[in-house]
Each structure stands twice: as structure tokens, then as C-alpha cells.
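# Breakdown of the fold
Listed below, chain by chain, are the residues.
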4 protein chains.
Amino acid sequence: MSSSSGPQQRRGDTRQRIQDVALELFAEQGYEKTSLREIAERLEVTKAALYYHFKTKEDIIISLFDDLTGPVDELIEWAQEQPKTLEMKREVLRRYSEAMAAGASLFRFMQENQATMRELSIGETMKRRLFLLVGLLQAADRPLEDQVRCVSALFTLHAGMMFLQHVEADPEETRQAALTIAMDLITQAHSHE
Amino acid sequence: MSSSSGPQQRRGDTRQRIQDVALELFAEQGYEKTSLREIAERLEVTKAALYYHFKTKEDIIISLFDDLTGPVDELIEWAQEQPKTLEMKREVLRRYSEAMAAGASLFRFMQENQATMRELSIGETMKRRLFLLVGLLQAADRPLEDQVRCVSALFTLHAGMMFLQHVEADPEETRQAALTIAMDLITQAHSHE
Amino acid sequence: MSSSSGPQQRRGDTRQRIQDVALELFAEQGYEKTSLREIAERLEVTKAALYYHFKTKEDIIISLFDDLTGPVDELIEWAQEQPKTLEMKREVLRRYSEAMAAGASLFRFMQENQATMRELSIGETMKRRLFLLVGLLQAADRPLEDQVRCVSALFTLHAGMMFLQHVEADPEETRQAALTIAMDLITQAHSHE
Amino acid sequence: MSSSSGPQQRRGDTRQRIQDVALELFAEQGYEKTSLREIAERLEVTKAALYYHFKTKEDIIISLFDDLTGPVDELIEWAQEQPKTLEMKREVLRRYSEAMAAGASLFRFMQENQATMRELSIGETMKRRLFLLVGLLQAADRPLEDQVRCVSALFTLHAGMMFLQHVEADPEETRQAALTIAMDLITQAHSHE
DNA sequence: AATGAATGAGCGTTCATTCAT
DNA sequence: TATGAATGAACGCTCATTCAT
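Here the structure is a predicted model, which means the values were calculated and not measured. (Residues numbered from 1 in each chain as written. Chains lettered and ligands numbered in written order. Predicted model: local features only at pLDDT ≥ 70, side-chain atom pairs only at ≥ 80, totals over all residues. Heavy atoms only, no water.)

## With respect to the overall build of chain A
Check the secondary structure of chain A and you find ten helices and zero strands. Ordered by position in the sequence, the α and β elements of chain A form the string α-α-α-α-α-α-α-α-α-α. When its C-alpha atoms are laid out on the principal axes, chain A stretches across 60 × 35 × 35 Å. Counting only residues that meet the buried cut, chain A has 50% of its 193 residues in that class. A sequence separation of at least 24 residues applies to 69% of the contacts in chain A between residues at least 6 apart. Accessible area for chain A stands at about 9,600 Å²; split by element, carbon and sulfur atoms hold 50% of it. (Helix = DSSP H or I, 4+ residues; strand = E, 2+ residues; numbered from the N terminus. Buried < 20%, exposed > 50% of the residue type's maximum accessible area, 1.4 Å probe, protein only. Contact = heavy atoms within 4.5 Å. Areas by Shrake-Rupley, 256 points an atom, 1.4 Å probe, with all protein chains shown as cover.)

## A short note on the side chain of D:S97
Here D:S97 shows up in helix α5 (residues 86–102). Sequence-distant contacts of D:S97, that is, excluding residues within four places in its chain, are made with D:L157, D:R175 and D:L179.

## Things to note about the relation of the copies chain A and chain B
Mapping chain A onto chain B calls for a screw motion: a turn of 180° about the axis and a shift of 0.0 Å along it, with 0.2 Å RMSD after fitting. Taken together, the rotation and translation describe the operation of a two-fold axis. Considering only C-alpha atoms, the part of chain A nearest the rotation axis is A:N113, at 2.8 Å. A high fraction, 100%, of the interface residues of chain A reappear at the interface in chain B, so the copies pair face to face through one surface. (Least-squares fit on C-alpha atoms with pLDDT ≥ 70 in both.)

## Thoughts on the protein's contact with DNA strand F
The environment of DNA strand F is formed by 33 residues, the closest being A:T46, B:R37, B:Y51, D:Y52 and D:H53. Sugar plus phosphate, as a fraction of atoms of DNA strand F within 4 Å of the protein: 63%. In the environment of DNA strand F, a phosphate oxygen lies 2.8 Å from a nitrogen or oxygen atom belonging to the side chain of C:K57. Within the side chain of D:H53, a nitrogen or oxygen atom sits 2.7 Å from a phosphate oxygen of DNA strand F. Looking at the surface near DNA strand F, the elements with two or more residues in it are α3 (47–53) of chain A, α2 (36–43) and α3 (47–53) of chain B, α2 (36–43) and α3 (47–53) of chain C together with α3 (47–53) of chain D. Looking at which element gives the most residues to the surface near DNA strand F, the answer is α3(A), with five residues. (Near = heavy atom within 4 Å. Polar contact = N/O pair within 3.5 Å; in protein donor to acceptor, adjacent residues only side chain to side chain.)

## Quick look at the UniProt feature "domain: HTH tetR-type" (unreviewed entry) in chain A
Under the UniProt annotation, the feature "domain: HTH tetR-type" (unreviewed entry) is placed at residues 12–72 of chain A. Helix makes up 77% of residues 12–72 of chain A and strand 0%, and the two end C-alpha atoms of the span are 29 Å apart. (UniProt positions renumbered as here; feature names shortened; annotations may be inferred.)

## Here's the deal with the interface of chain A and chain B
On the side of chain B, 40 residues touch chain A, which itself brings 40 residues to the contact. One can count six salt bridges joining chain A with chain B. Close ionic contact of A:E112 with B:R118 constitutes a salt bridge, the shortest N to O distance being 2.0 Å. Summed over the shared surface of chain A and chain B, the result is 16 residue pairs in polar contact (both at pLDDT 80 or more). Of all the secondary structure elements, the ones that give two or more residues to the side of chain A that touches chain B are α1 (14–29), α6 (104–112), α7 (114–119), α8 (121–137), α9 (144–162) and α10 (171–191) of chain A. (Salt bridge = Lys/Arg side-chain N within 4 Å of Asp/Glu carboxyl O.)

## Some words on the protein's contact with DNA strand E
Every one of the 34 residues lining DNA strand E counts as a neighbour, but B:Y52, B:H53, C:T46, D:R37 and D:Y51 are closest to it. Within the side chain of D:S35, one N or O atom sits 2.9 Å away from a phosphate oxygen of DNA strand E. Separating a phosphate oxygen of DNA strand E from a side-chain N or O atom of D:K57 is a distance of 2.8 Å. Put simply, the parts of the chain that give the surface near DNA strand E at least two residues each are α2 (36–43) and α3 of chain A, α3 of chain B, α3 of chain C together with α2 (36–43) and α3 of chain D. Across the surface near DNA strand E, the residue classes break down as 14 nonpolar, twelve polar and eight charged. (Nonpolar A, V, L, I, M, F, W, Y, C, P; charged D, E, K, R; others polar.)

## Description of the environment of C:I186
You can see C:I186 is positioned in helix α10 (residues 171–191). Not counting chain neighbours up to four residues away, the residues in contact with C:I186 comprise C:L86, C:K89, C:R90, C:L93, C:L137, C:C150 and C:A153.

## A closer look at the packing of aromatic side chains
Tallied over the full model, the rule gives twelve aromatic pairs over all chains. Aromatic pair B:Y96 and B:F107: ring centres 5.8 Å apart, planes at 90°, arrangement edge-to-face. Here B:F107 lies in helix α6 (residues 104–112) and B:Y96 lies in helix α5 (residues 86–102), a separation of eleven residues in the sequence. Under the relative-accessibility criterion, B:Y96 is labelled buried at 3%. Classification of B:F107 as buried rests on a relative accessible area of 3%. In this structure, A:K57 is placed above the aromatic ring of A:Y31, and the distance from its NZ or CZ to the ring centre is 4.4 Å. (Phe/Tyr/Trp six-rings, centres within 6.5 Å; stacked < 30°, edge-to-face > 60°. Lys NZ or Arg CZ within 6 Å of the ring centre and 35° of its normal.)

## Side note on the pattern of salt bridges
Side-chain pairing between opposite charges can occur once the charged atoms of the two side chains come close. As enumerated under the stated definition, the model contains 44 salt bridges over all chains in all. Here A:D146 and A:R149 are joined by a salt bridge, their closest N and O atoms 3.1 Å apart. Separated by three residues within a single helix, A:D146 and A:R149 lie in helix α9, roughly one turn from each other. Per residue, the accessibility class of A:D146 equals that of A:R149, and both read buried. Here B:R94 and B:E91 are joined by a salt bridge, their closest N and O atoms 3.0 Å apart. One end of the pair, B:R94, and the other, B:E91, are both in helix α5, three residues apart, so they sit about a helical turn from each other.

## Things to note about the relation of the copies chain C and chain D
If you rotate chain C by 180° and push it 0.0 Å along the axis, it lands on chain D with an RMSD of 0.1 Å. Take the interface residues of chain C: 100% of them recur as interface residues in chain D, which is what a same-surface contact looks like.

## Overview of the interface of chain C and chain D
Contacts between the two partners involve 40 residues from chain C and, on the opposite side, 40 residues from chain D. Summed over both partners, the interface of chain C with chain D comes to about 3,700 Å²; 66% of that surface belongs to carbon and sulfur atoms. Our count for the chain C to chain D interface comes out at six salt bridges. Taken together, the connections running from chain C to chain D amount to 16 residue pairs in polar contact (both at pLDDT 80 or more). Mapped onto the side of chain C that touches chain D, the elements with two or more residues apiece are α1 (14–29), α6 (104–112), α7 (114–119), α8 (121–137), α9 (144–162) and α10 of chain C. Element by element, the count of residues in the side of chain C that touches chain D is highest for α9(C), at ten residues. (Buried area = accessible area lost by both parts, 1.4 Å probe.)

## Looking at the confidence of the model for chain A
One rule of thumb: low pLDDT means the predicted coordinates there are not for detailed reading. Of all residues in chain A, 91% have pLDDT values of 70 or greater, and the mean over the chain is 87. Every residue in residues 1–10 of chain A is under pLDDT 50, and counting partners more than four places away or in other chains gives two contacts. (pLDDT = per-residue confidence, 0-100.)

## Points about the UniProt feature "DNA-binding region" (unreviewed entry) in chain A
Feature annotation in UniProt assigns "DNA-binding region" (unreviewed entry) to the following positions: residues 35–54 of chain A. In residues 35–54 of chain A, helix accounts for 75% and strand for 0%; the two terminal C-alpha atoms are 14 Å from one another.

## What to know about the packing of α10(C) against helix α9 (residues 144–162) of chain D
What describes two packed helices is the angle between their axes and the distance between those same axes. Put simply, α10(C) and α9(D) touch, their axes get as near as 9 Å, and they point 65° apart. Comparing the axis directions of α10(C) and α9(D) gives the class roughly perpendicular. The crossing of α10(C) and α9(D) is right-handed. Seen from α10(C), the contacting residues are C:E173, C:T174, C:A177, C:A178, C:T180, C:I181 and C:D184; seen from α9(D), they are D:L144, D:E145, D:V148 and D:R149. The residue makeup of the contact of α10(C) with α9(D), split by class, is five nonpolar, two polar and four charged. (Axes fitted to C-alpha atoms, helices over the stretch in contact; angles between N-to-C directions. Parallel < 35°, antiparallel > 145°, perpendicular 65-115°, else oblique. Left-handed = near helix turned anticlockwise from the far one by under 90°.)

## Re the packing of helix α5 (residues 86–102) of chain C against α10(C)
Residues and elements named next belong to chain C. Two elements in contact, α5 and α10, have axes separated by 10 Å at closest approach and are oriented at 155°. Considering their axes alone, α5 and α10 lie roughly antiparallel with respect to each other. Our pair here, α5 against α10, has a crossing hand that is right-handed. When α5 is examined against α10, the residues L86, K89, R90, L93, R94, S97, E98 and A101 are found in contact with a partner set consisting of R175, L179, A182, M183, I186, T187 and H190.

## What about the nonpolar core?
Inside soluble globular proteins, nonpolar side chains tend to come together where they are buried. Grouped together as the largest cluster of nonpolar side chains are 119 residues, with contacts concentrated most on A:F65, A:L93, B:F65 and B:L93. Considering each element in turn, this core owes the most residues, eleven residues, to α9(A). Setting aside anything within four residues of it in sequence, one finds A:L93 in contact with A:L137, A:A153, A:L154, A:L157, A:L179, A:A182, A:M183 and A:I186. C:L157, D:A40, D:A79 and D:V134 belong to the second largest nonpolar core, which has 118 residues in total. (Core = buried A, V, L, I, M, F, W, Y, C linked by side-chain atoms within 4.5 Å.)

So this is what it looks like as C-alpha cells:
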């Protein structure tokens, strides 16, 4: 049985569908303003059905981050083993930009719901990761300007994703442009040595 | 007597006190998660008292933005009358950075509650302002990289304010550093001509 | 002092204005749905001002009925002293119809807010009056049909006022027509003797 | 066991029980003055339970009218297809009187809460129906007296139901008497031709 | 003759969650 | 794998009313 790809999937794609719809709505309206009733209605199931698949509302959102944390964790682990060279940092930015592209709507959600994230367990988790990343990019012994440059590099990636979505240009192209600027910034942060 | 701490010492400053407490709580927990009951309790008045001073919950937050909109509007107006030179843009960044410093907690609130802001009338207003600012910094006829640099300049200011608050350094110093980087970015965006 | 008509009226017409506006709004929206805030706003005074002139909301409506009760009470008193002839009943209908024309909006209010009236002290009062009137028109020793006719005569007056207000015709003309029918009914109720 | 009075004997009739209690209270105190808390308490459920069965308070009252609208609609449809003869009008009165008897408490509620009905969606609907009925009874080319007679016929039915409820007589008998008078009126309206 | 400031009670409504079936 | 029915807590908001000034 279980005709094609994953385990236990025959008609049991409900869990996945809940996640899809939830992400869609969370991204659109925010986490707090999205009610389980809304999610259930859009799926044409009852609220109780959601509780068969997830223990709480927070559980739904936590599950959404599961796909994201993997690649980022690997990135962090990898980086921690490398020497703190410019080239390593460039690689970090490159891969981080890719991860963002893959989980764009999730990143946007995070960006737009920081206050909410702060009281979600997953929020703390993600924030710690971000700090780790900043720590990896940072050169603590450099002048404040260069430190800001490093942070700004990361932020530029976010800026590229968020703000420029309202712009006419091709998303991928925009992402590349943002990556370029981020690279510039990190390079400058190193060039004054 | 009873100069400071009695239960009924102040007269006529209730409106202001509501604003103070509201800002505090909105910034801490987000707009949605802060209930009027909470605000009222902290002020030791009833919920109904809030409604004597403000017509709705949204009205409270709108009033908080009143001090902010003035300076930013003036900045935009001024900039629109200037020629689009590099020097003008530098001045815009300078003054915007100052406005942010003055209304820091409000800016942080905006940053952290974007999803919420989107459905507040004031959200649209602020967003339009931001777009105007970006438009003023932008050089539409330039390569995509330079355009991103302009946006990134603005975002760097935000980054400076938000992210580096978790850092040990002096806030004012940090702001200056962020301003410097933003200046660099805008200058670079012009230098390839 | 007190230049022209009533006692204490120089600039002290506020009480009257409250009554006017209240009647207007009560008639338009019902008693319950009309708030003191609304009345106060339309008069451009504060709610507290209303409480200077009237002790409660109910007091306002009671005062509105004051002009009405006089004529109706007199009518009842007069009728109770007369013998129960047809001619007396015709006179009752005539004068009642007149009273209704004078206090039309109040009558309409009563008609449309019976459920409300029932729990207002004034409601009981008015209802007792109505029953007295019906009793005066009634001939208890007649067949049920004739009794209904008597009630219907009174109702026809109300019907004339209420329902035909939505009709193109002249109000006074309509009232006369309704009076005629009511007369017919009461006459028929007597003719089978 | 526990056949009738236990705290949890019925299953699946809650919706019906809500309607029963609501009608009872609405009729007794009016729509506005009846709170959902009151309804819930009398049913020994929570307010939230009401919302499982009805989307809003207005929804409850709308549902109460559902049984009524059917027969009346059919009556109107039927009448619209008939020629405007006296016999047709007599049939309309007959059937309308029957419909009223079936939904007596609802009709009484309407009569007593007209001001409320006016702002309920269902109010408009019912009013339109009433006007249609009057239009069907009316003979627009007749003298004003005869037009009033037609309206009065309908009102007599209402009068019969409402006012005479306070009277000792048998309701059905009273209804028949009122119907007779209404018939008289409509017949008279035609007899002067 | 009126206001400014506030209250206490209550409203209709929504929410995340539970549990027997 | 789900549903039907319900709950308890909270929410934003409005109301008639009070009272010192």
C-alpha cells in the first residue's frame, strides 16, 4: 500500500494540508489574528480535527519551522568548525540566503511577527540561532563600524527579501543583488585590517 | 502633601498615563496580546475610564504615533523639494536616524508588529511614508545593486536600532556607527556613475 | 424677566430641547437603542447635563407623556360620568382621535415599543388607560362579535395613524377616514340590539 | 433510566431548546432586553454553547421566523396569481388568520417590538410581506374610506390576537370573531361599487 | 446650569481547548 | 480519522449613572 512517496500518505495528507493553510494564513494575517476556526474552515474540516494532528496551536507553528531549522543548524555547525576567515563568512551568507529563499514565507512571517515569536518557544530557538550566526560573522575585536557592517550584511539579506517583494523585479535577481551587497559589506568589514 | 505615590494624586494627566502604559505594554507584548484590561489594571482605573479618553483601542495606538509623524512628514516634504543629490540623501538619512532615536520604542514596536500594523489604519499611513522615503533615496535608473544599496541604507538604520540593542555598546554610539554605514552605502550607490 | 410665554424660560430651554431630541430619537430608534450619549451629542451638551434636568433616563420618557395624559385623563373622566350611549362612544372616538393627532409621534412610539413600555412605570399607566377606554366602549352583554368590533374601532384609529403614514395621502384626511370607519364599527356594534 | 429531568438527559435537541427559551424570553421582555446570558442560564449551558448553534443573536431570532415565512409566502404567491375578487380577499384573510394563530407568540412579538424589528434584517423582510398583503387587499381606485377599511381588516386580525388575549374568552373563538369582523370590513369595502 | 472624569455592570462575540463517540 | 457539542476565559466596547467642581 502507501502508493508513492512518503510514509503513511494514502489519504493521510491532512497534516500537510493543515500546515500549508496555516502558513498561508499566518503569513497573511499574523499568528494571533489567525484562528483555528479559520484554518479548519478553509480546509473544510472541524477544529477538532486539527487537534487530532497537533496538540496545540503553537504546535502547528512549531512544526512549520521544522523544515527550516535543519539546513540552518547544519550551516551553523559547519561554520563553527571552520576558521573565521572572510571566505567562510561569504559562504555563510551564500547559504543563508539560499535557506531564506527556500523558506521565504516563513522568514517573512518571522520578520513580521517578532513580538509574537518572542513568546513562542520556537521564537527563542530561532533567535538563538540568529545570534549564533551574527556571532560567526562578527569580528569582536574590530571597530564598532565594522561590527555594524556584519550585522547589516545579514539584515541586507532580509531587506532584500522583504522590502523588495513590493518591487517589480524578479525575486531571484533581487536576491542575488542583495547577496552581492551583503558580500560587499562583509568584505569591507575585513578590508581595514 | 501626598506628592508622589497615593492612589489619587494626579488630575488631568490620565490621558498621558494611558499612553505611557500602553506604549510600554504594546512594546513588550505586542498590540494584540495587550488587553485593555491589562492597561487599566496597571493604571488602577477601570476599562471604561480608557474609553473616556480614547474612542477605541486602535485610537490609543494612533495617538502614540502622533508625535512621530510630524518630524517624519516634515522630512519628507523637505526632501521632495530638494534636487535628488547625494547630499540631500545623506541629510535624509541623518534626520531619519534622529527621528528614530527620539521615537525608538515606537519604531521598535512597528518593526516587531508588522503583521499587526498592516491592518491598522496607522500601519498603511506609516508604510506609505516609508515607501516615499525609499523613493526619495532611490535612483531608479541605476543598476539593481545600487537600488538595493539604497534600501539597505535605510534598513541599516533600523538594524542598528533593533538588533544592536541586545549588545553591550552605548546606544548613541551604535546609532552613529549605523548611520556611518548607511552613509557609506548611499555614497557607494552614487559612486559608480 | 421671562420675556414671552412659559415660566422660567429665558435661556433655560434646555429641558425642552432634551425632550424634543429624545422624542425624536426614541421614535426613530426605540427607547432601548437610544443612548443618553446620543441625545447629549445631538444637543452638544454632556451626558451629565441631562442629569441636571432629569433624574434618570426613564424620567425623560415619563416627562414626554405628561402632555398626553392630561387630555386623555379628562376624556376618560368625562366618559365615566356619561351614560353608555352610542353617542357618548362616538364622542370618545372623536376626541381620542384628536388626542392621537396631537401626540402622534408619542402614540407611534408606544405602538412600536410595547415590549419596552411594559417595563416602564409609565407603560402600566398608559395600558390601564387604554383598558379603561376599551371598557367604556365595550358593551359586555353583547355577542363576542360586537365586542371585537368595539376594540377594532379603537384599533382602526391606531391603524389609520400608523400604517397609512406610509401612504401618499394627506394625514388629516386619512385620520378622518379612519375615524369614519371606527364610527361605522361602533355603530354596527350597537345596531343589532 | 433518568427519563425526563436530569441535567444531561437530552442530546441533539439543544438547538430547539434554545429557540424555545429565546422565543419565550423575547416575547416576555423584548429582544434587546433579553441577553444571551439569560437564555444560556435558563438552559443551563454557557453562552458559548449558543454560538455553536447560532452565529449571532440576530440569527436566533431569524431562525424563529423560519416556520412563519413559509406559509405566508405561499399565501402571497397564491394570491398574486388570482384575480382581485372579493372572494380571493376573503380567502387571504382566512388563511392569514390561520397563520397568525399558528405563530401567535411570534406575531405578538413582532407587534410589540416594531421598533426593534425595524433594524433587524428579518424586520424588513416581514414588513415587505405585510405591504404586499395590504396591496393585495387594497383597491386603489376606491375612495379613501374603503382603502382604510381594507387595512383595518388586516389590523382587526392583529387586534383580535393581541388585545383580546387579555380577555377571558376562548382564543379560538376570539379569532373567529375577529375574522368575522375583518370579513365584514372587506365586504363593505366592495359593496359600494 | 453644566462639565470632566470616572465607575460597575453588562453586553455580544471569539478563542483555544476538551472529550465522548 | 475525525466530528458534534460544549466550555471557561477573555475580549473590546457601551451603558446609565455619580459626583466633585
